[in-house]
Amino acid sequence: MPGTSNPHHLPSVDRCLREIGPLDIPRPTALAIVRRVLDALRKGEARHDGAVDPIAQIRAEIDALSGRKIQPVINATGIIVHTNLGRAPLGPAVAGALSRIATEYCTVEYDLASGQRASRAAYLEHNLAVLCGAAAATVVNNCAAALVLLVRHFASCETKNQVVISRGELIQIGGGFRIPDILQAGGAILREIGTTNVTTLDDYRRAIDPRTAMVLKVHHSNFYQEGFVQSPCASDIAAVARQAGVVFVEDLGSGATFDSRTLGGGEYEPIPADALAGGAHLVCFSGDKLLGGPQAGIIAGCAEHIAALKSEPLFRALRCDKLALAALEATVDATLAGRTEDIPIRAMMSASIEMLHSRATAALEALKAAGVPAAIVESEAQVGGGSLPRTVLKSVAIELCPGPGCSADELAQALRRGAAPVVACILQGRVRMDLRTIFHAQDAQWVKAVIAAAGACNR
């Protein structure tokens, strides 16, 4: 309670630093926490009446801050493209490229042949264009940035600044970001057409006028509509826009480069090459979803428009650094070469039930030998990342039944706090770990983590 602290009984800063023990954060960071806690105690803003040890408070704050570091975890949630866990993990080929580029100088803007400054990402842009069946392509730091750049370029003129978009496509994406907010941040005035569930081709025709700068179609990505729903196909919208001399852009969201219906859900995710062949002037999509690469916003389509976008002053503020470019290069190369085994999310999506069962059986034997109650259960994995919301991937999981005096929440927390953090799900009072999102190479590691967490939780 405020006012109960006695500044004369507080330890010194030096004593606190000695007594908190080994640190895994920089000493100046710890020093700032020590001073902040002691200052709060002196001012009576935090409790200090003998019941709470100031050293313990400082350790708790240090542990809390240290826990916010970006660190690797074992994803046992069954969500493949997990936004909170870094979306698409990158494979060994990408890791090798990043290691080389990160630790040495590189030709990010240098031409070895001429010895002169060169265009950034020329090789990557060429291969992105090939991948998308486009005349040209470029990349910025995420898909929201791609939309802002597109709107800033096409819809920033005072007399030609309207973006025509269906009300059914004014979606909200992860983290509370809304498409209307993103478009307005780029300087556009929205011309909303149709209703939530029905938009017709005539709605587009009537909306286009001399003030129209762009027609935009946004893929729903993270939700779907059923029942009385109607919307014209993209190729018909493209024909209307082209006839009116207006740029037509498709935001594809996930950017699949394969037929998503082969996953078994029958759900189609738009492919950039198909959208461009259907008449879109430009498409944009994410690099870290179904493409399986790093965070990036890819724009592909008309060469003239791509060149104009790259000349925008805003483009420099949105461009990717050498690490993102190197990671995307390796991902696109693997995709073009058909090496899907080098792209982890593709390997996870295609893993057979037989293989998952085999791994689960081996894990179960190890857990039972250690005295950890567990069982193999059927599970359902998801693609995640706002992609293919109706597609369910049959999977296999290990379920843990907490022992006496230990709840599922406590066991899940113990797993997260282990030396190798495991992020699992709780279902009907049990902790479930889906093997589809756990790398095969992590099996021994996560089993060891489970044994340790179960032991700690049941003490």
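Residues numbered from 1 in each chain as written. Predicted model: local features only at pLDDT ≥ 70, side-chain atom pairs only at ≥ 80, totals over all residues. Heavy atoms only, no water.

> Explain the pairing of strand β10 (residues 282–286) to me, and be specific about the residues and the numbers.
The element β10 is extensively covered by neighbouring structure, given that five of its five residues are classed as buried. Here four bridges tie strand β9 (residues 247–253) to β10, and the two strands are oriented parallel to one another. If you follow Asp251 over to β10, its bridge partner there is Cys284. Handedness of the β-α-β unit built from β9, helix α10 (residues 272–277) and β10 comes out right-handed. Summarising the sheet, β10 and strand β11 (residues 297–301) pair through five bridges and their orientation is antiparallel. Residue pairing for β11: Cys284 is matched across the bridge by Ile299. (Buried < 20%, exposed > 50% of the residue type's maximum accessible area, 1.4 Å probe, protein only. Helix = DSSP H or I, 4+ residues; strand = E, 2+ residues; numbered from the N terminus. Pairing = 2+ DSSP bridges. Right-handed = clockwise from strand over helix to strand, strands pointing away.)

> Break down the environment of Thr340 for me, with residues and values.
Position of Thr340 among the secondary structure elements: in the loop between α13 (322–336) and α14 (344–350). A relative accessible area of 32% places Thr340 in the partly exposed class. Measuring from C-alpha to C-alpha, the distance between Thr340 and Phe315 comes to 31 Å, with 25 residues separating the pair along the chain.

> Requested: an account of the state of the cysteines, with residues and values cited.
The final tally for this structure, using the stated rule, is one disulfide. Through a disulfide, Cys406 is tied to Cys457; the S-S separation comes to 1.8 Å. Disulfide Cys406-Cys457: torsion about the S-S bond near 80 degrees, hence right-handed. Linking Cys406 in the loop between β13 (387–400) and α16 (408–416) with Cys457 in helix α17 (residues 443–457), this pair joins segments that are 51 residues apart in sequence. Taken as a pair, Cys406 and Cys457 share a single burial class, namely buried. Here Cys233 stays unpaired: no disulfide links it, and the sulfur of Cys284, its closest cysteine neighbor, is 19 Å away. For Cys233, a relative accessible area of 38% gives the class partly exposed. Unpaired in this structure, Cys320 has its nearest cysteine sulfur neighbour in Cys143, at a distance of 12 Å. (Disulfide = S-S within 2.5 Å.)

No statement about biological role is implied by the geometric values presented.
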